[in-house]
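Next come the chains, spelled out residue by residue.
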Amino acid sequence: MDVLLIGAGGREHALAWKLAQSPDLGRLYAAPGNPGIAEHAELVGLDPADQQAVARFCKDRAIGLVVVGPEVPLVAGLADRLEAEGVPVFGPSAAAARLEGSKAFTKDLCRANGIPTARYHRFTDAASARALIEREGAPIVVKADGLAAGKGVTVAQTAQEALQAVDACFEGAGEGVEIVVEACLEGEEASVFCLCDGERALLFGTAQDHKRAFDRDRGPNTGGMGAYSPAHILDARMTERVMREIVRPTVDAMRAAGTPFKGILYAGVMLTETGPQLIEYNVRFGDPECQVLMPRLKSDLLPMLLAAAKGDVSAVALEWTDDAALTVVMAANGYPGAYATGTSIALPQVEPGAMIFQAGTRREGEALTAHGGRVLNVTATGRTVKDAAQRAYRLVEKVDWADGFWRSDIGHRAIMREQD
């Protein structure tokens, strides 16, 4: 079977790496891809935003499955267009992708279906939001309603910080801007991934990521500075509770509304004293969580993605290694703010059990250069999270890139638990 992979980041490099191992794979194409993905796939000059061109390519090449990595094409309706052309696609429709595309939509769905989540209010003007914050105080959370590449959330520790976040959301914006202001949940955050076929949700795996830019969870929110899997805080009992109280009611509600969800449903949950509560949904593999899920997955990825696309995951069986996996994001200096591009990178030889997934990279002649905020995902497996971390950080130190930075404490919570 020939497959087209949509995307250009570290998540897509991890997917390409795993898909390339499938005995069912014919040719793997990627659009637009990156130099790392090119090691496993043929890069094609398609703009994922040009749905007509993508559909035409799929028909001309008899593509058996399209795997959509990032959220933007899904929210824009790429899956709808491909399905209308008879092309199987792994990823939800635009209507189902609202679970990520609109935080207000998801909060309303939770309220209507008794899914535990933080108290919230929706606002379409800054003055009303500011009035609520001045009344409620801090800590409090301000979220832009739409897509924001993982950076549209401010967990404000002071009312002033929250007010500034509100002003930033509305400043210079036209009509139709909406934000969500919600109570700040206390607890530890974890990620649950589920393979969905419109009716069923099959647990795919768990992870924990690190959103803050700097060590000890300080600095601004980013798209993610590292992750590890599995999330030990999500034991079997807690994971089943997340499935029962959060994931399955969501899948049922989407089906009942006539917008069944097919693809990967990624639930970010906060484990509070009263139980798990939904923070947000994503409608695709996480980035960088995908980079720690794929190395642990022993099963063939391709047939399970095809099963979800065709609407029946009942026969899918998942097998995982006993190892932990951990990834360290190497980001450009200044990220998530302004950063330089075009800086030179030299990658080292990679030992068994380790890999470097490329995210924001380009080839300029023979040179590999940085062209993004998050540039490399240095990943390793190990018997424990500590083992995986030590191996990953040894590899980080061998990367020759003078213009990057990274956190030095990825996996610190899990490592502390392992030592207890």
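What you see is a predicted model; the values in this text were computed from it and never measured.

Whenever I open this one, the overall build of the chain confuses me. Can you help?
The helix and strand tally for the chain stands at 13 helices and 23 strands. By the compact-globule yardstick of 22 Å for 420 residues, the chain fits well, its C-alpha radius of gyration being 21 Å. In terms of principal-axis extent, the alpha carbons of the chain reach across some 60 × 45 × 45 Å. Sequence separation of at least 24 residues holds for 70% of the intrachain contacts in the chain that already meet a minimum separation of 6. On the chain, roughly 16900 Å² of surface is accessible, and the fraction owed to carbon and sulfur atoms is 47%.

Sorry, what's going on with the side chain of Q358 here?
Relative to the assigned elements, Q358 resides in strand β19 (residues 354-358). Residue Q358 is classed as buried on the basis of its relative accessible area of 2%. At 3.4 Å, the side chain of Q358 and the backbone nitrogen of G36 are in polar contact. Excluding its chain neighbours within four sequence positions, the residues that come into contact with Q358 are G9, G10, H13, N34, P35, G36, E39, L347, L368, V375 and L376.

Is there a simple way to explain helix α11 (residues 301-309) in this structure?
Counting along an α-helix, one turn takes 3.6 residues, and residues three or four places apart therefore face a common direction. Taken across its 9 residues, α11 has 8 buried, putting it largely inside the fold. Phi turns positive, to about 90°, at G311, one or two residues after α11.

Whenever I open this one, the sheet that holds strand β8 (residues 153-156) confuses me. Can you help?
Backbone hydrogen bonds are what pair the strands of a sheet, in a parallel or an antiparallel way. Strand order in the open sheet formed by 4 strands is β6-β9-β7-β8, and the pairing between neighbours is antiparallel. The open sheet is flanked by β6 (120-123) and β8, the only strands paired with a single partner. Averaged over all neighbouring strand pairs, the angle between strand axes comes to 15°, with direction disregarded. Inspection of the sheet shows strand β7 (residues 140-144) paired to strand β9 (residues 179-183) by 5 bridges, in the antiparallel sense. When the sheet's bridge partners are listed, V141 is paired in β9 with E182. Its contacts with the sheet put helix α8 (residues 159-170) on β6, β7, β8 and β9, and the angle it makes with β7 is roughly 10°.

Would you take a moment to explain the packing of aromatic side chains for this structure?
Given two aromatic rings, one states the distance between the centres and the angle between the planes to describe the pair. The tally for this structure, following the rule as stated, stands at 8 aromatic pairs. Here the aromatic cluster, defined as three or more aromatic residues joined through ring pairs, consists of F90, F204, F285 and W320.

Please clarify how the sheet that holds strand β18 (residues 344-345) should be interpreted in this entry.
As summarised here, the arrangement of the 3 strands in space is β18-β21-β20, forming an open sheet in which the pairing is antiparallel. Taken across any chain shown, the strands that pair with only one partner, and hence form the sheet edges, are β18 and β20 (361-364). Looking at chain direction, β20 and strand β21 (residues 367-370) are connected through 4 bridges and run antiparallel. Residue pairing in the sheet places R363 in a bridge with L368 of β21.

Would you explain the pattern of salt bridges in this entry?
When charged atoms on two side chains of opposite charge get close, those side chains can pair. Following the criterion strictly, the structure yields 26 salt bridges and no others. The partner of E71 in a salt bridge is R284, with the nearest N and O atoms 3.3 Å apart. Of this pair, E71 sits in helix α3 (residues 71-75) while R284 sits in the loop between β16 (275-282) and α10 (290-293), placing them 213 residues apart in sequence. Put simply, D108 and R122 hold a salt bridge, and the shortest N to O gap is 2.2 Å.

What is the right way to read the pairing of β21 from this model?
Two faces make up the sheet, and in a regular strand the side chains alternate between them. Direction of pairing for β18 relative to β21: antiparallel, over a ladder of 2 bridges. The partner of S344 across the bridge, within β21, is T369. Linkage of β20 to β21, two consecutive antiparallel strands, is achieved through a turn of 2 residues, within which G365 is found at a positive phi near 70°.

Calculation criteria
Residues numbered from 1 in each chain as written. Predicted model: local features only at pLDDT ≥ 70, side-chain atom pairs only at ≥ 80, totals over all residues. Heavy atoms only, no water. Helix = DSSP H or I, 4+ residues; strand = E, 2+ residues; numbered from the N terminus. Rg over C-alpha atoms; globule rule 2.2 N^0.38 Å. Contact = heavy atoms within 4.5 Å. Areas by Shrake-Rupley, 256 points an atom, 1.4 Å probe, with all protein chains shown as cover. Buried < 20%, exposed > 50% of the residue type's maximum accessible area, 1.4 Å probe, protein only. Polar contact = N/O pair within 3.5 Å; in protein donor to acceptor, adjacent residues only side chain to side chain. Pairing = 2+ DSSP bridges. Axes fitted to C-alpha atoms, helices over the stretch in contact; angles between N-to-C directions. Phe/Tyr/Trp six-rings, centres within 6.5 Å; stacked < 30°, edge-to-face > 60°. Salt bridge = Lys/Arg side-chain N within 4 Å of Asp/Glu carboxyl O.

The values reported here are purely geometric and, on their own, carry no functional implication.
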